[in-house]
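# Analysis of the macromolecular model
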Amino acid sequence: MKAEGMEISCVSSSAEALEAVLKCEYYLLLMPLHIAEESDMEPLRMIRNAKKMPIMVLADRLAATEKVALFQAGINAFIERPVDFAVCTAQAASLIQLY
């Protein structure tokens, strides 16, 4: 995404993502998830309540109920792995334009 003119900040956990979002101004949160567990949902809810910005999640194939839980936690977009870079970049740019 750097080639697309976007700056990127990386963190290694949901808790670090929450901390970074509270400290800095971002246009998009791109968050990889391994499993849609409740432990991932609470930071998503907190980020959603703290900041108005798009949240896009990258994850392996999930059941419909798990995807619904992610949307209810506050995400705006979901992309399944393997990720098509062109689609991911286009969706990220589209979400940024909305905010």
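Use the structure listed above.
Residues numbered from 1 in each chain as written. Predicted model: local features only at pLDDT ≥ 70, side-chain atom pairs only at ≥ 80, totals over all residues. Heavy atoms only, no water.

## Quick word on the overall build of the chain
For clarity, the cut-off: Numbering of helices and strands starts at the N terminus; helices are DSSP runs of H or I of at least 4 residues and strands are runs of E of at least 2. Accessible area is worked out with a 1.4 Å probe on protein chains only. A residue is then buried under 20% of its type maximum, exposed over 50%, and partly exposed in between. Residues are treated as being in contact if the distance between any of their heavy atoms lies within 4.5 Å. A 1.4 Å probe and the Shrake-Rupley method give the accessible areas. Residues count as covered only by the protein chains that appear here.
Of the regular secondary structure elements, the chain holds four helices and three strands. Taken from the N to the C terminus, the helices and strands of the chain come in the order α-β-α-β-α-β-α. Looking at the chain as a whole, 35% of its 99 residues qualify as buried. Considering only contacts in the chain between residues 6 or more positions apart, those separated by 24 or more positions represent 59%. As displayed, the chain has an accessible area near 6,200 Å², and 55% of this comes from carbon and sulfur atoms.

## Topic: the pattern of salt bridges
Just so we agree on the cut-off: By salt bridge we mean one thing: a side-chain nitrogen of Lys or Arg within 4 Å of a carboxyl oxygen of Asp or Glu.
A full pass over the atoms with the stated rule returns six salt bridges. Here K23 ties to E19 by a salt bridge, and the two come within 3.0 Å at their closest N and O atoms. Separated by four residues within a single helix, K23 and E19 lie in helix α1 (residues 14–23), roughly one turn from each other. The class for K23 is exposed, based on a relative accessible area of 62%. In this structure E19 comes out as partly exposed when scored by relative accessible area, which is 44%. The closest approach of N and O atoms between E42 and R45, which form a salt bridge, is 3.5 Å. Residue E42 and its partner R45 are both found in helix α2 (residues 38–50); the two are separated by three residues, about one turn of the helix. For R45, a relative accessible area of 29% translates into the label partly exposed. Beyond isolated ion pairs, a larger network of salt bridges with shared partners links R61, K67 and E80.

## Side note on the nonpolar core
Stated formally: We call a set of buried residues a nonpolar core when its members are Ala, Val, Leu, Ile, Met, Phe, Trp, Tyr or Cys and they connect through side-chain atoms within 4.5 Å of each other.
Ranked by internal contacts, the top residues of the largest apolar core, which has 18 residues, are L44, I47, I55, V57, L70, I75 and F78. Broken down by secondary-structure element, the contributors of at least two residues to this core are α1, β1 (29–33), α2, β2 (55–59) and α3 (64–73). Aside from chain neighbours lying at most four places away, what touches I75 is L44, I55, V57 and L70. Core analysis: the second largest hydrophobic core is formed by eight residues, L58, I79, A92 and L95 among them.

## Remarks on the environment of Q97
Here Q97 is to be found in helix α4 (residues 85–98). Looking at Q97, the relative accessible area reads 70%, which means it is exposed.

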